[in-house]
Amino acid sequence: SPSTHQVKTGKFEVKVELDGLIEAAQSTPISLVPEEWASLTVIEAVPHGTAVKKGDVLVRLETEDLKEQIDDLKKAAPLAALNLEMARAALIDLEKTTPISLANARRTKMEAEQDLAYYEDVGREMQEDSTRQSVKRMEQSLSYAREELKQLEKMYEADDLTEESEEIILQRARNDVEYYEFNLATARERTRRTLDTSIPRDHASQRRNTENLSLAWRQAEQNLPDALRQKRLEVEAQERGLEKSAKRLANMEKDLAALTVKAPHDGIVYYGASKRGKWITASTVSRKLMPAGQLRPREIFMPVVKTSPLRITAAVPENKLRHLEPGLAGEASLVWNDEVPLPTKVTEVSFVPHED
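Residues numbered from 1 in each chain as written. Predicted model: local features only at pLDDT ≥ 70, side-chain atom pairs only at ≥ 80, totals over all residues. Heavy atoms only, no water.

Peer 1: Before we move on, can you summarise the overall build of the protein with the specific residues and values?
Peer 2: Helices and strands together make up the secondary structure of the protein, namely three helices and 14 strands. Since a compact globule built from 356 residues should have a radius of gyration of about 21 Å, the 55 Å found for the protein marks it as more spread out than a globular shape. The buried share of the protein, taken over its 356 residues, is 23%. Counting contacts in the protein only where the partners sit at least 6 residues apart, residues at least 24 apart contribute 79% of the total. Working note: accessible area of the protein is about 25,500 Å², and carbon and sulfur atoms make up 52% of it. (Helix = DSSP H or I, 4+ residues; strand = E, 2+ residues; numbered from the N terminus. Rg over C-alpha atoms; globule rule 2.2 N^0.38 Å. Buried < 20%, exposed > 50% of the residue type's maximum accessible area, 1.4 Å probe, protein only. Contact = heavy atoms within 4.5 Å. Areas by Shrake-Rupley, 256 points an atom, 1.4 Å probe, with all protein chains shown as cover.)

Peer 1: Describe a negative patch on the surface, and please don't skip the residues or the numbers.
Peer 2: Together, Glu62, Glu64, Asp65, Glu68 and Asp72 line one region of the surface with negative charge. With respect to the element layout, Glu68 can be found in helix H1 (residues 64-157). (Patch = residues over 30% accessible without salt bridge, like charges linked within 9 Å, V, L, I, M, F, W, Y side chains within 5 Å. Salt bridge = Lys/Arg side-chain N within 4 Å of Asp/Glu carboxyl O. Lys, Arg positive; Asp, Glu negative; His and termini not counted. Charge placed at Lys NZ, Arg CZ, Asp CG, Glu CD.)

Peer 1: Got a sec to walk through the pattern of salt bridges? Specific residues and values, please.
Peer 2: This model, assessed by the stated rule, comprises 22 salt bridges. Among the ionic pairs, Lys75 bridges to Asp71, the shortest N-O distance being 3.1 Å. Of the two residues, Lys75 and Asp71 are both situated in helix H1; the distance of four residues between them amounts to about one turn of the helix. Overall, Lys75 belongs to the exposed group, its relative accessible area being 60%. Connected via shared salt-bridge partners are Glu189, Arg192 and Asp196.

Peer 1: Can you explain the nonpolar core? Please cite residues and give values.
Peer 2: A general trend in soluble globular proteins is that nonpolar side chains are found buried together. Ranked by size, the top nonpolar core spans 26 residues in total, and within it Leu58, Val59, Leu61, Val269, Leu289, Phe301 and Met302 carry the most contacts. Where this core is concerned, the elements lending two or more residues are strand E3 (40-45), strand E5 (57-61), H1, helix H2 (164-258) and strand E11 (302-305). With residues near it in sequence (within four places) discarded, Val59 still touches Val42, Glu44, Ala45, Leu259, Thr260, Val261, Leu289, Phe301 and Met302. Met138, Leu149, Leu170 and Ala173 belong to the second largest nonpolar core, which has twelve residues in total. (Core = buried A, V, L, I, M, F, W, Y, C linked by side-chain atoms within 4.5 Å.)

Peer 1: So what about H2? Which residues, and what values?
Peer 2: With 95 residues, H2 should cover 141 Å at 1.5 Å per step; its first-to-last C-alpha distance of 122 Å lies more than 12% under that length. In the structure, H2 departs most strongly from a straight axis at Thr194, where the bend amounts to approximately 45 degrees. (Expected span 1.5 Å × (residues − 1). Bend = angle between axes of the 7 residues up to and from the residue.)

Peer 1: Outline the sheet that holds strand E7 (residues 267-269), supporting the account with residue identities and numerical values.
Peer 2: One open sheet accounts for four strands, arranged E2-E11-E7-E4; its pairing is antiparallel. The open sheet has two free edges, formed respectively by strand E2 (27-30) and strand E4 (51-52), since each of these has just one partner strand. (Pairing = 2+ DSSP bridges.)

Peer 1: Describe H1, listing the residues and the values that go with them.
Peer 2: For H1, which comprises 94 residues, the first-to-last C-alpha distance of 120 Å sits more than 12% below the rise-based estimate of 140 Å (1.5 Å per residue). Where H1 bends most, the angle comes to about 55 degrees, and this point is Tyr119.

Peer 1: Tell me about the packing of H1 against H2, residues and numbers included.
Peer 2: At their nearest, the axes of H1 and H2 sit 6 Å apart, and the two run at 170 degrees to each other. Between H1 and H2, the angle is such that the two are roughly antiparallel. Among the residues making up the contact of H1 with H2, the classes are represented as 45 nonpolar, 19 polar and 29 charged. (Axes fitted to C-alpha atoms, helices over the stretch in contact; angles between N-to-C directions. Parallel < 35°, antiparallel > 145°, perpendicular 65-115°, else oblique. Nonpolar A, V, L, I, M, F, W, Y, C, P; charged D, E, K, R; others polar.)

Peer 1: Give a description of the environment of Ala314 that names residues and reports values.
Peer 2: By secondary structure assignment, the location of Ala314 is in strand E12 (residues 310-314). Taking the C-alpha atoms as reference, Ala314 lies 44 Å from Glu253; in sequence the two are 61 residues apart. Among all residues touching Ala314, those that are not within four sequence positions of it are Leu18, Asp19 and Gly20.

Shown next as structure tokens:
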């Protein structure tokens, strides 16, 4: 007959075997994120697999062009600040003078209109009358001279003989008549010229001057406030430009310091970026980390990996997920040395699949 066995209540032991990869628990990716500078030319880099200490130089990059631009910005800053100061002072003056200039233009226009109105109502007629009066006075003077000569001739004709002194007086009177005749002819021509040409020209000139001043006032009403607004905008633009220049200078100085890449902590340097235990960009980055190589901003070109503590990551088949939970103890066997088992503990189980 078959032998019998007595069984006891107990737990079944379920063992889950997984293939995993050993990774560093702390690995700091190194990349450059410059604020302004984009030219990242390598001068030298530590070799792949180098053990480094915190603060050791990992990569040196070309900095001469960047230093030159920083120097140019520093030299240009005082002039830009002075120009801004002068622009602000000019704006203050313009704020004060613009209302005064507008008032002056308005007052000048009004005075010209008043002068023109007075000239047209009173002044021109007075000027014409005054011009005609000069001819009239000259006619009167000539008439007086002629009458005086006539009376002298009558008086001296009564004598049989004309004395020498009397002849002198008569000649003087004749000269006066001739002088006034000439002056009368001149006055008449001058009066004709004044009435026909000079006064109409003066009138037209005053009209044009009034129109020009009226136009200047309208232009001032539009242009002076526009010039003031333009000056305000120019000052604001210079202020923004100075702020941007100062910010750019600070960013470039920050970039300059970053171009000497230093280790953030102790560890081993590897080339390229790591993804699930594989150095996926090592071959590409290794060519860039040679002298004259060109790195890209934000490109991870090396991580500094701490040698401890370590962790194991494993892809878990779907049918084994239910047997795992944080806190379970286990044992790891290394491929390169399976004689030394390592105690392990599950720290995290993710139910989110990888993208592949």
